[in-house]
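Here's the letter readout for the chains.
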Amino acid sequence: MSSYKIDIPPTALSTLKSRLENAVFPDELEDSGWAYGAPLADIKRLVARWRDGFDWRHEEQKLNAELPQFTRDIEVDGFGTLNIHYVHKKSERGLGIPLLFVHGWPGSFLESRKIVPLLTAGSGDARLPVFDVVALSLPGFGFSEGPKKTGFSFTQYAEVSHKLMLALGYTEYVTQGGDWGASITKEIARRYGGEHSKAWHINLILAGPPATQDPSSYTAIEKDGLARFQEYKRSGNGYYRIQATKPQTLGYSLADSPVGLLAWIYEKLVIWTDAYPWTDDEVLTWVSIYWFSRAGPAASLRIYYEVEHAGQEVGSTNFHIPTIPLGFSHFPKELGRIPKSWYHLVGNVVFEVEHDSGGHFAAHEKPELLVGDLQKMFGKSGPAFGVVLGRNGYDG
Amino acid sequence: MSNSFKIAVSSTDLSALKSRIESATFPDELDDAGWAYGVPLTDMKRLVARWRDGFDWRQEELKLNNELPQFTQDIEVDGFGSLNVHYVHKKSDRGAGIPLLFVHGWPGSFLESRKIIPLLTKGSGDSQCPVFDVVAISLPGFGFSEAPKKKGFSLSQYVEVSHKLMIALGYTEYVTQGGDLGSRVTAGIARRYGGMHSKAWHTNVLFSMPPENDDPSSYTASEKEGLARWQEFQRSGSGYFQLHSTKPQTLGYSLADSPVGLLAWIYEKLVSWSDNYPWTDDEVLTWVSIYWFSRAGPAASIRFYYEVAHSGQALGTKSSPPTIPMGCSLFPKELIRIPKSWYPGVGDVVFEAEHDKGGHFAAHEQPELLVGDLRKMFGKVARHFLRDVYSSLSVSSFTFFYCLQAKNDGV
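Residues numbered from 1 in each chain as written. Chains lettered and ligands numbered in written order. Predicted model: local features only at pLDDT ≥ 70, side-chain atom pairs only at ≥ 80, totals over all residues. Heavy atoms only, no water.

Labelled according to an unreviewed UniProt entry, chain B appears under the name Epoxide hydrolase, originating from Lentinula edodes.

The structure is reproduced here in structure tokens:
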């Protein structure tokens, strides 16, 4: 294990600046707004800021100061050793519940930034549980090494995540995940649930449909959630289809054009959130992590391909359902949601919260709400209180 | 009013491209990925190296200008104002050629007419063989045509501008050939202007929905295989289509800013959609350079998909088939092949040829085969649709007679 500080080499910074200085923009149809994709005015403004004004060194320093980071080698069956980057912050008081936070795409360990202090804080209400937080960079993302061979799918993402927790001395732990993190933590719950993973919480719930359905029984919210998912499949999953089939072809663009990468990610940051007031520097920090990532931006796309080709696509019901306690947090602008009658396809739901604001990037958009949910779920009167032996989030 | 046109990419643009390529950054690649994840890294590196040093655009440009007489003219499109349209126009070497409009698709261009034009305009030497006047348009947003500035420029508009170009060139009657998106445009022309103006149409891509009383058990082995290829295309080869149809602008930033990204995006289709066509690097680079140097930029061309998807004209939308005579050429590696029983939904098929080699870019991969089909069809079709009009006349060379008639009509 090694302590880690993000330290992007000066050559990488000047290369980026040079690329941005030579950026070539497409035109745009009149009055197209967001309909055809990210608007030109937004992208030009962001690129201008990225080129002059955005201070990566300053952002890097802040990240290093806020998030204690490390790397360690983890062996993955059939894939050799991968050097994994992760954030690890222990609770400031008591015995923190070990919580593994798993990001998705286009997310990263950065999504843990706002929830880490809230989850670990010792100064808060002593009636609330505290956590030890581990936020890994999935292989191929952030500053983790990417796999070199084909076939690295849910099994492997789950394995590396689980082994990281064990390596940190957490033989029992709980998980939180959104986007791919929801599927990966589901795989963790399946493979390691009971003995190691003791409970799991997700903010993206997609599975099914079950063999028999009764649409007339769906509530208005449930119908709306299904409709949102249908609309996503109709008009918002082009990125998914290309990433799941030809990630390398797309990868040449994302590796060679920071402008292309910015547009590719920024579009999701805006349309998947609930009117979140992104600042330009916030967006640029997020995208810079992809641009400066250890494996490069093309590597992160491969998870879509691998999952598709392992027959494990989102919603597939081919595997046994985990039995450990499961908690859901529903945010209205998530990409979709399933009716309660389908929950048995996902897991053993013991906790569920409905929010009236927030979207896909819950930990970033609504950190207090998400953390509040985790505190309720795992707190003294919560349904998952004390699941981790000896570390219940309170003193002794 | 048509203006003579010669492709003349500025030296600033050429050096800007070279400079972009010199600073290219490549992704890594998984071991033994082959073509499964997309274009292999070695292909890309080799092509980019050639594009940077060795590929001579000026020479390619010169050759194109020598081979293909090009023009531009302003065409008014209802609701979109005037668009300056680029096209190739070559008249037949003898007699009055049958006016043929060739419509490309994506990632094609007017370049796809390059090999078929000499064959179509010269004929085979046999006086019975029809010759053609060929017009190969650059669809708005492609090649050296201007692109629309407003939303909603969909099939109707592509149909309108293509037809109006033929009229502007003095061809009140004409026939069409189209593949890929060009197949949809020419189908639209056949529907809207068929009979009075478009007299017959030929395509190498047929698509329609199954008829009501469809009987899958009656499909031949070839037909089943063709449908299976289409299923596979939808499963693993249509990501580009989904993306173009929903977020073309988002992708456009990459294609406009990265020649490497554009090269990969197009090259993948050139290889995977053709039938073992032996692409030379310079051939690929010429093809992609037309997109890079296109008047409207590479992001404009993909909007076609979005507009079609949002105008209720998506593939599979029910619409009445055109009634004018139709011909099709089936190439084994085309993306889709429908059973014969679905043909009534496509049109009135009076000519069909099946080949044992060739893919999606038929005019480029198998020009002799495609032209052979057009010669057979339009020789035959001219007789077919002329029969009613000239039933009392004896025709020694029906094609020659047709051409005479066309001339008498003031074409």
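Draft legend 1. Representation of the overall build of chain B within the structure. A count of helices and strands for chain B gives 16 helices and nine strands. Against the globule reference of 22 Å for 411 residues, chain B gives a C-alpha radius of gyration of 21 Å, in line with a compact fold. C-alpha extents for chain B along the principal axes are approximately 70 × 55 × 45 Å. Relative to its full complement of 411 residues, chain B shows a buried share of 60%. Within chain B, counting contacts between residues at least 6 apart in sequence, those at least 24 apart form 78% of the total. Positive and negative side-chain charges of chain B, numbering 41 and 46 respectively, have mean locations separated by a distance of 4 Å. (Helix = DSSP H or I, 4+ residues; strand = E, 2+ residues; numbered from the N terminus. Rg over C-alpha atoms; globule rule 2.2 N^0.38 Å. Buried < 20%, exposed > 50% of the residue type's maximum accessible area, 1.4 Å probe, protein only. Contact = heavy atoms within 4.5 Å. Lys, Arg positive; Asp, Glu negative; His and termini not counted. Charge placed at Lys NZ, Arg CZ, Asp CG, Glu CD.)

Draft legend 2. The arrangement of helix H9 (residues 248-257) of chain B in detail. Judged by how many residues are buried, H9(B) sits mostly within the fold: ten of ten residues are covered. Those residues of H9(B) that fall on the buried side of the exposure criterion are B:Pro248, B:Gln249, B:Thr250, B:Leu251, B:Gly252, B:Tyr253, B:Ser254, B:Leu255, B:Ala256 and B:Asp257.

Draft legend 3. Inspection of the domain arrangement of chain B at higher detail. Residues and elements named next belong to chain B. When its domains are assigned, chain B resolves into domain 1 (2-60 + 254-308) and domain 2 (63-219 + 317-409). Measuring from the centre of the C-alpha atoms in domain 1 to the corresponding centre in domain 2 gives 27 Å. Opposite the 34 residues of domain 1 that make contact, domain 2 presents 47 residues. Of the roughly 3700 Å² buried where domain 1 meets domain 2, counting both sides, 63% is carbon and sulfur surface. Counting the contacts that link domain 1 with domain 2 gives two salt bridges. The partner of Lys 115 in a salt bridge is Glu 283, with the nearest N and O atoms 4.0 Å apart. A per-element tally of the side of domain 1 that touches domain 2 places helix H11 (residues 281-292) first, with five residues. (Domains from an automatic or database assignment. Buried area = accessible area lost by both parts, 1.4 Å probe. Salt bridge = Lys/Arg side-chain N within 4 Å of Asp/Glu carboxyl O.)

Draft legend 4. Structural context of the confidence of the model for chain B. Overall, the predicted model of chain B reaches an average pLDDT of 91, with 91% of residues at or above 70. Scoring the predicted complex yields pTM 0.95 and, for the interface, ipTM 0.96. (pLDDT = per-residue confidence, 0-100.)

Draft legend 5. How the structure looks around the UniProt feature "domain: Epoxide hydrolase N-terminal" (unreviewed entry) in chain B. Under the local residue numbering, the UniProt record ascribes the feature "domain: Epoxide hydrolase N-terminal" (unreviewed entry) to residues 3-112 of chain B. Regarding residues 3-112 of chain B, the helix share stands at 32% and the strand share at 25%, and the terminal C-alpha atoms are separated by 22 Å. (UniProt positions renumbered as here; feature names shortened; annotations may be inferred.)

Draft legend 6. Region of the structure containing the UniProt feature "active site" (unreviewed entry) in chain B. Residues and elements named next belong to chain B. UniProt's feature table lists "active site" (unreviewed entry) at Asp 180, Tyr 305 and His 360, given in the numbering used throughout. Mapped onto the elements of the fold, Asp 180 is located in the loop between strand E6 (174-178) and helix H6 (181-193). For Asp 180, a relative accessible area of 15% corresponds to the buried category. Here Asp 180 is in contact with Gly 105, Trp 106, Val 205, Trp 273, Tyr 305 and His 360, once residues within four sequence places are set aside. Residue placement: Tyr 305 occurs in helix H13 (residues 303-310). Every residue in contact with Tyr 305, bar those within four places of it in the chain, is listed here: Trp 106, Asp 180, Leu 181, Tyr 240, Phe 241, His 244 and Ser 245.

Draft legend 7. Examining the nonpolar core more closely. Counting residues in hydrophobic clusters, the biggest one holds 239 residues, and the most contacted among them are A:Leu262, A:Phe378, B:Trp106 and B:Leu263. When residues of this core are assigned to domains, at least three map to each of domain 1 (2-60 + 254-308) and domain 2 (63-219 + 317-409) of chain B. (Core = buried A, V, L, I, M, F, W, Y, C linked by side-chain atoms within 4.5 Å.)

Draft legend 8. Summary view of helix H3 (residues 56-66) of chain A. Residue and element names in this part refer to chain A. Taken residue by residue, H3 has Trp 56, Glu 59, Glu 60, Leu 63 and Asn 64 as its buried positions. On an axial view of H3, the arc spanned by its buried residues comes to 135°, and they lie on one face. Turned more than 90 degrees away from the buried face of H3 sit Gln 61 and Ala 65, all of them exposed. Looking at the packing, one finds that the buried side of H3 touches helix H1 (10-21), strand E2 (69-76) and helix H11 (280-291). Looking at where H3 begins, the residue whose side-chain oxygen comes 3.2 Å from the main-chain nitrogen of Arg 57 is Asp 55. (Arc of directions from axis to C-beta. Polar contact = N/O pair within 3.5 Å; in protein donor to acceptor, adjacent residues only side chain to side chain.)

Draft legend 9. Highlighting unusual backbone geometry. Across the junction of A:Trp105 and A:Pro106, the peptide omega takes the value 0°, indicating a cis bond. Counting through the fold element by element, A:Pro106 comes out in the loop between strand E4 (97-102) and helix H4 (115-120). B:Trp106 connects to B:Pro107 through a cis peptide bond whose omega is 0°. Structurally, B:Pro107 is set in the loop between strand E4 (98-103) and helix H4 (116-122). Backbone geometry at A:Ala275 places phi at a positive 50°, although glycine is not the residue there. Looking at the secondary structure, you find A:Ala275 in the loop between helix H10 (258-271) and H11. Judged by relative accessible area, A:Ala275 falls into the exposed class, the value being 73%. Within the chain, B:Asp32 stands out as a residue other than glycine whose phi angle is a positive 55°.

Draft legend 10. Spotlight on the sheet that holds strand E8 (residues 325-330) of chain B. Residue and element names in this part refer to chain B. Taken in spatial order, the nine strands of this open sheet run E1-E2-E3-E5-E4-E6-E7-E8-E9, and their pairing is mixed. The open sheet has two edge strands, strand E1 (3-5) and strand E9 (348-354), and neither has a second partner. Strand-to-strand twist across the sheet, computed as the mean angle between neighbouring axes with direction ignored, equals 30°. As defined by bridge partners, strand E3 (residues 81-90) adjoins strand E5 (residues 132-137) across four bridges and the pair is classed as antiparallel. Bridge assignment links Lys 90 to a residue of E5, and that residue is Val 134. Sitting on the sheet, helix H5 (residues 155-168) touches strand E2 (70-77), E3, E4, E5 and E6, and the angle it makes with E2 is about 120°. (Pairing = 2+ DSSP bridges. Axes fitted to C-alpha atoms, helices over the stretch in contact; angles between N-to-C directions.)

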